[in-house]
Amino acid sequence: MLEKIRKTVEQVMERIPAVKGRGEEATKQALIYPMLEALSYNIWLPTEVCPEFEADFAIKKNGQKEKVDIAILQNEVPQIFIEIKSVETNLDGHEGQLARYYNSAPTVTLGILTNGIEWRFFTDTITANVMDNQPFHVARFDSADSGLEVLPKFSKPQFSAETIKDYATELLYTAKIADFLRSEIDLKDKLPSEYMIRWVLKSPGMY
């Protein structure tokens, strides 16, 4: 599957010049749907991949319900929400709309924010049914460190709410430990903290 994903990414990147300036719908058709198909979702079956999914969200001023750009369903129950921005859009600051949808749908365990080039993956590792502020994984097709190796976890054959949350929690704690160690290793202007000293003294092989 990973090889199929890589080939699809190559195709997506080749289409970007033709998609720029043509809005979210062009981004969805030319860049998003091919990736979902590479992940083994049936993009032609609306009971599985449903565009403009309508749910019990906040009502807009014109009286119409807000709609999720794409909902991926299992047994006709939404499991994944995808919020799409046009390919030239910077995704920073656009998490709020996705979070509002996510928080209103208890069955949804994965939120995706994407412009076709960058894919940000969110879940609820801190509070159940409340989307985290930060993505637990980011895939960038235009980066050497693209993050493609993780994408099969989100595919139809492998997707599992429990697995996703466990993986996200693992990444969250790994990142926190890495940040802590980086701050402790930088000893140019300070001594190691009491916590670091205790950790070293308790490490196997010391004394």
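Everything here concerns the structure above.
**Remarks on the environment of glutamine 97**
Tracing the chain through its elements places glutamine 97 in helix 3 (residues 95-103). On the basis of relative accessible area, glutamine 97 is assigned to the partly exposed category, the value being 26%. Along the primary structure glutamine 97 and glutamate 83 are separated by 14 residues, whereas in three dimensions their C-alpha atoms are 8.0 Å apart. Discounting residues that sit within four places of it in the chain, glutamine 97 has contacts with Glu83 and Lys85.

**Things to note about the packing of aromatic side chains**
Taken as a whole and assessed by the stated rule, the structure comprises 5 aromatic pairs. Plain terms: the ring middles of tryptophan 119 and phenylalanine 141 are 6.3 Å apart, the flat faces sit at 35° to each other, and that makes the pair tilted. Linking tryptophan 119 in strand 5 (residues 118-122) with phenylalanine 141 in the loop between strand 6 (137-140) and helix 4 (161-185), this pair joins segments that are 22 residues apart in sequence. Residue tryptophan 119 is classed as buried on the basis of its relative accessible area, which comes to 4%. Owing to a relative accessible area of 8%, phenylalanine 141 belongs among the buried residues under this scheme. An aromatic cluster of at least three residues, connected via ring pairs, comprises Phe121, Phe136, Phe154 and Tyr167.

**A closer look at the layout of surface pockets**
Here the largest pocket defines a volume of roughly 190 Å³. Surrounding the largest pocket, 11 residues form its lining, Asp132, Gln134, Pro135, Phe136 and Leu172 being those nearest its centre. Looking at the lining of the largest pocket residue by residue, the classes come out as 7 nonpolar, 3 polar and 1 charged.

**Section: helix 2 (residues 23-38)**
With 16 residues, helix 2 ought to run about 22 Å at 1.5 Å a step, and its terminal C-alpha atoms sit 23 Å apart, in line with that. At isoleucine 32, helix 2 is deflected by roughly 35°, the largest bend along its length, and proline proline 34 occurs up to four residues later in sequence. Within the sequence span of helix 2, burial applies to Thr27, Lys28, Ala30, Leu31, Ile32, Tyr33, Pro34, Met35, Leu36 and Ala38. Once helix 2 ends, the next one or two residues include serine 40, with phi positive near 75°.

**Details of unusual backbone geometry**
The backbone of asparagine 75 sits at a positive phi, close to 55°, despite the residue not being glycine. Overall, the relative accessible area of 78% leaves asparagine 75 in the exposed class. Of note in this structure, asparagine 129 is not a glycine but carries a positive phi near 65°. Tracing the backbone through its elements, the reader meets asparagine 129 in the loop between strand 5 and strand 6. According to the relative accessible area criterion, asparagine 129 is partly exposed, its value standing at 30%.

**Structural notes on the pattern of salt bridges**
Considering all chains together, one arrives at 10 salt bridges under this definition. For arginine 120, the salt bridge goes to glutamate 95, with nearest N and O atoms at 3.2 Å. With arginine 120 in strand 5 and glutamate 95 in helix 3, the pair connects residues that are 25 residues apart, well separated along the chain. Just as arginine 120 is buried, glutamate 95 falls in that class too. Among the salt bridges present, the one from aspartate 142 reaches arginine 140, with a minimum N-O distance of 2.7 Å.

What counts, and where the lines are drawn
Residues numbered from 1 in each chain as written. Predicted model: local features only at pLDDT ≥ 70, side-chain atom pairs only at ≥ 80, totals over all residues. Heavy atoms only, no water. Helix = DSSP H or I, 4+ residues; strand = E, 2+ residues; numbered from the N terminus. Buried < 20%, exposed > 50% of the residue type's maximum accessible area, 1.4 Å probe, protein only. Contact = heavy atoms within 4.5 Å. Phe/Tyr/Trp six-rings, centres within 6.5 Å; stacked < 30°, edge-to-face > 60°. 1 Å grid on protein atoms, 1.4 Å probe; cavity = no way out; pocket = protein on both sides within 12 Å on 5 of 7 lines; lining within 4 Å. Points joined across faces, edges and corners; volume = space filled by probe spheres on them. Nonpolar A, V, L, I, M, F, W, Y, C, P; charged D, E, K, R; others polar. Expected span 1.5 Å × (residues − 1). Bend = angle between axes of the 7 residues up to and from the residue. Salt bridge = Lys/Arg side-chain N within 4 Å of Asp/Glu carboxyl O.

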